[in-house]
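So the chains spell out like this:
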Amino acid sequence: MLEAAETFRNHPPFQRNPEIIAFPRNAAETVGVPPAMTIGPRAAVTDAARTNIGAVSSLVPARMDRLPWARFHWLVVIGLGVSWILDGIEIQLISASGYKDSLGMSSAEVGFAGTIYLIGQVVGALVFGRLTDRWGRKRLFIATLALYLIASGIAGFAWTPWFLYAWRFVAGMGIGGEYAAINSAIDELIPARYRGRVDIAVNGTYWGGAMIGALGSVFLLDHALIPEDIGWRIAFFIGPLLGLVIIQLRRHIPESPRWMVTHGREAEAERIVDGIEASVRAQGKILTPVDPGRSMRIIPEESVSYSQLVDVFFRQYPSRTILGVTMMITQSFLYNAIFFTYALVLQNFYHLDSPQTALYFFPFAAGNLIGPLLLGPLFDTVGRRRMIFSTYLLAGSVLLVSAFLFRQGALTADTHTIFWCVSFFFASAGASSAYLTVSEIFPLEVRAQAISYFFAIAQVVGSTGPLLFGWLVGEGTERDPLFWGYVLGSVVMMFGGVVALVYGVDAEGKGLEDIAEPLTKADRDRPALARLRFRRPRAVQE
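Caption draft 1: Main features of the overall build of the protein. Regarding its fold elements, the protein presents 27 helices and 6 strands. Within the protein, the proportion of its 542 residues that are buried is 59%. Sequence separation of 24 or more characterises 85% of the internal contacts of the protein that already satisfy a separation of 6 or more. When the accessible surface of the protein is totalled, it reaches about 20300 Å², and 66% of it is carbon and sulfur.

Next up, the structure:
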């Protein structure tokens, strides 16, 4: 990956591209500005010309989408995708509660440590989601990772519960901000024909992190190997140590050229795409010509107001809002309900002790990890709508079958876990597609905020799942209450699939700008444009 980063950085930003040099690639060429008013091989528009024109034309999105898969894309996937691995590690370490005795905490206080982390995620998503749309993807995916690294490391030095709560909240903010910044950046940097499988696979790696956290806990929390007051502190440093490596990779990942074009930085966007193209050609790959008809005219904007956000979600794209909210809530409810209570089910109904229960987590997590990796490519070939419907429906159906068998007492701990593995093999791909969906069906200018709002709503509603299912499990004396809980979870998941079938967007293979036009597109609905606060390009300001 470092080799890919160096290859990208070492190519001159204005290296001419022979495959597409005949086509217009900037405002001057597209709108016919005389040669005397241009400079350099990219023919940048002069201050006066830009002021008169009021809009810039760009082929940046089309150039990004026509790229073949290259080392640059692996750099993006590894450098940005680690966020979900970190989140998985964090959740698993918290659930292990190795700090309970060292800090003199009750079970309720341990539970609150997990709750405060989730609250931090919601707050971080809301705060940093808006900043990601305003300040850019790169600033935020660097800042949020740094925030997580610092907060998680400091939490490892906790000597009292309140100190742990405070820094777990801050660490949660960092990870919550990552959700918005990373999903936006990945979707905008990955070519359209690969976007579905990449986004789904990356989101699914959460379970790889959970397995790392669980495995680390087995050794670090074994008091025969490591003193009790030391092991859990070391566990808290796993994520930050991994993050220190990743943050070096992220320094080589550029800002999203798509975001830069809509914020008056089209010249910088052109230079970044030039560098990416040069690094791809250096690998012996041939770039196809870009049709000049795919050029977009953009009026750079400063920010999107809250009233404009309401307009986007409820007037321009109401059915997509219903789709996004439903998909996020249904998967969050099912996941939280099952994941946070499966250990109680194994202990109370199948009479396993805690060490035995911990071993059952690994096949459960493996099913969740493998599902997105194997099914992800089908979201780009079979299609978004059909695959989302299928994964949600199959996940709910398998869980429903297991509910009836559980009620009849026909399952053992092993067979029940197998049903969970099969159900969440499909559910994990479906849940990952929910993040993909909300990231790609709204305009670029509100993409990160859409992710953050739907994520926050889903977390709040999904948090009721563990409370409800914990109450239904009880002491394990009656199966009927939990049976009806499983039926509810199944129906909720299948309902999400039906909504996706009805309101889903056939986004496979399409550029983001074809799925949802940028709010700043020059020939877009004028009333919508009027509500934006525009800014002059940097050349004019300076």
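Caption draft 2: Just the packing of helix 9 (residues 192–204) against helix 18 (residues 354–375), in detail. At a minimum axis separation of 8 Å, helix 9 and helix 18 run at an interaxial angle of 170°. Relative to helix 18, the element helix 9 is oriented roughly antiparallel. On helix 18, the residues touching Ile200, Ala201 and Gly204 of helix 9 are Asn368, Leu369, Pro372 and Leu373. Of the residues assigned to the contact of helix 9 with helix 18, the class counts are 5 nonpolar, 2 polar and no charged.

Caption draft 3: Highlighting the nonpolar core. If you look at the biggest cluster of nonpolar residues, it comprises 126 residues, and the most contacted ones within it are Ile186, Trp207, Tyr350, Trp420, Phe442, Leu482 and Tyr486. Setting aside residues no more than four positions away along its own chain, leucine 482 makes contact with Val345, Phe349, Phe406, Phe469, Leu472 and Val473.

Caption draft 4: Focus on helix 14 (residues 266–282). With 17 residues, helix 14 extends 24 Å between its outermost C-alpha atoms, agreeing within 8% with the 24 Å of an ideal straight helix rising 1.5 Å per residue. Within helix 14, 13 of the 17 residues are buried, which leaves it mostly tucked inside the rest of the structure. In the segment just after helix 14, glycine 284 is the residue with positive phi, at about 85°.

Caption draft 5: Broad picture of the pattern of salt bridges. As enumerated under the stated definition, the model contains 20 salt bridges in all. Here arginine 66 ties to glutamate 277 by a salt bridge, and the two come within 2.9 Å at their closest N and O atoms. Of this pair, arginine 66 sits in the loop between helix 4 (60–65) and helix 5 (71–96) while glutamate 277 sits in helix 14, and the two are 211 residues apart along the sequence. Overlapping salt bridges bring together Arg63, Arg66, Glu270, Asp274 and Glu277 as one network.

Caption draft 6: Region of interest: the packing of helix 18 against helix 21 (residues 413–440). At a minimum axis distance of 7 Å, the contact between helix 18 and helix 21 shows a crossing angle of 35°. When the axes of helix 18 and helix 21 are compared, the crossing they make is right-handed. Across the interface between the two elements, Tyr360, Pro363, Phe364, Gly367, Asn368, Ile370, Gly371, Pro372, Leu374 and Leu375 from helix 18 touch Ala413, Asp414, Thr417, Trp420, Cys421, Phe424, Phe425, Phe426, Ser428, Ala429 and Ser432 from helix 21. When grouped by side-chain class, the residues that make up the contact of helix 18 with helix 21 number 14 nonpolar, 6 polar and 1 charged.

Caption draft 7: Spotlight on empty space enclosed by the protein. Scanning the entire structure with this criterion turns up 4 cavities of 30 Å³ or more. Its boundaries defined by the atoms lining it, the largest cavity holds a volume of some 60 Å³. Asp133, Arg134, Ser303, Val304 and Gln449 are the residues nearest the centre of the largest cavity, which is lined by 10 residues in total. Of all the secondary-structure elements, those providing two or more residues to the lining of the largest cavity are helix 6 (107–135) and strand 5 (301–303). Looking at side-chain class alone, the lining of the largest cavity contains 1 nonpolar, 3 polar and 6 charged residues.

Caption draft 8: Up close: the confidence of the model for the protein. Across the protein, the average pLDDT comes to 85, with 86% of residues at or above 70. Contacts from residues 533–542, a stretch scored under 50 in pLDDT, to residues over four places away or in other chains number 27 contacts.

Caption draft 9: Here's a closer look at unusual backbone geometry. At histidine 351, a position not held by glycine, the phi torsion is positive, near 60°. When you line up the elements, histidine 351 lands in the loop between helix 17 (342–348) and helix 18. Judged by relative accessible area, histidine 351 falls into the exposed class, the value being 64%.

Caption draft 10: Examining the environment of valine 446 more closely. Note that valine 446 resides in the loop between helix 21 and helix 22 (447–462). Valine 446 gets classed as buried once you look at its relative accessible area, which sits at 0%. Each C-alpha atom, one on valine 446 and one on glycine 129, is 9.0 Å from the other, the two residues being 317 residues apart in sequence.

Caption draft 11: Structural detail: the packing of aromatic side chains. Going through the model one piece at a time under the given rule, you end up with 41 aromatic pairs. On the basis of an interplanar angle of 90° and a centroid distance of 4.9 Å, the ring pair of phenylalanine 112 and tyrosine 165 is categorised as edge-to-face. Linking phenylalanine 112 in helix 6 with tyrosine 165 in helix 8 (residues 161–189), this pair joins segments that are 53 residues apart in sequence. Using a relative accessible area of 37% as the deciding quantity, one classes phenylalanine 112 as partly exposed. On the basis of relative accessibility, which here comes to 15%, the residue tyrosine 165 falls in the buried class. Their ring planes at 75° and their centres at 6.0 Å tell us that phenylalanine 361 and phenylalanine 362 sit as a pair that is edge-to-face. Through pairs of rings, three or more aromatic residues link up here, namely Tyr206, Trp207, Tyr335, Phe339, Tyr342, Phe361, Phe362, Phe364, Trp420 and Phe424. Sitting over the ring of tyrosine 306, arginine 130 keeps its end group 4.1 Å from the ring centre. If you follow arginine 407 out to its NZ or CZ, it ends over the ring of phenylalanine 483, 4.2 Å from the centre.

Rules of the game
Residues numbered from 1 in each chain as written. Predicted model: local features only at pLDDT ≥ 70, side-chain atom pairs only at ≥ 80, totals over all residues. Heavy atoms only, no water. Helix = DSSP H or I, 4+ residues; strand = E, 2+ residues; numbered from the N terminus. Buried < 20%, exposed > 50% of the residue type's maximum accessible area, 1.4 Å probe, protein only. Contact = heavy atoms within 4.5 Å. Areas by Shrake-Rupley, 256 points an atom, 1.4 Å probe, with all protein chains shown as cover. Axes fitted to C-alpha atoms, helices over the stretch in contact; angles between N-to-C directions. Parallel < 35°, antiparallel > 145°, perpendicular 65-115°, else oblique. Nonpolar A, V, L, I, M, F, W, Y, C, P; charged D, E, K, R; others polar. Core = buried A, V, L, I, M, F, W, Y, C linked by side-chain atoms within 4.5 Å. Expected span 1.5 Å × (residues − 1). Salt bridge = Lys/Arg side-chain N within 4 Å of Asp/Glu carboxyl O. Left-handed = near helix turned anticlockwise from the far one by under 90°. 1 Å grid on protein atoms, 1.4 Å probe; cavity = no way out; pocket = protein on both sides within 12 Å on 5 of 7 lines; lining within 4 Å. Points joined across faces, edges and corners; volume = space filled by probe spheres on them. pLDDT = per-residue confidence, 0-100. Phe/Tyr/Trp six-rings, centres within 6.5 Å; stacked < 30°, edge-to-face > 60°. Lys NZ or Arg CZ within 6 Å of the ring centre and 35° of its normal.

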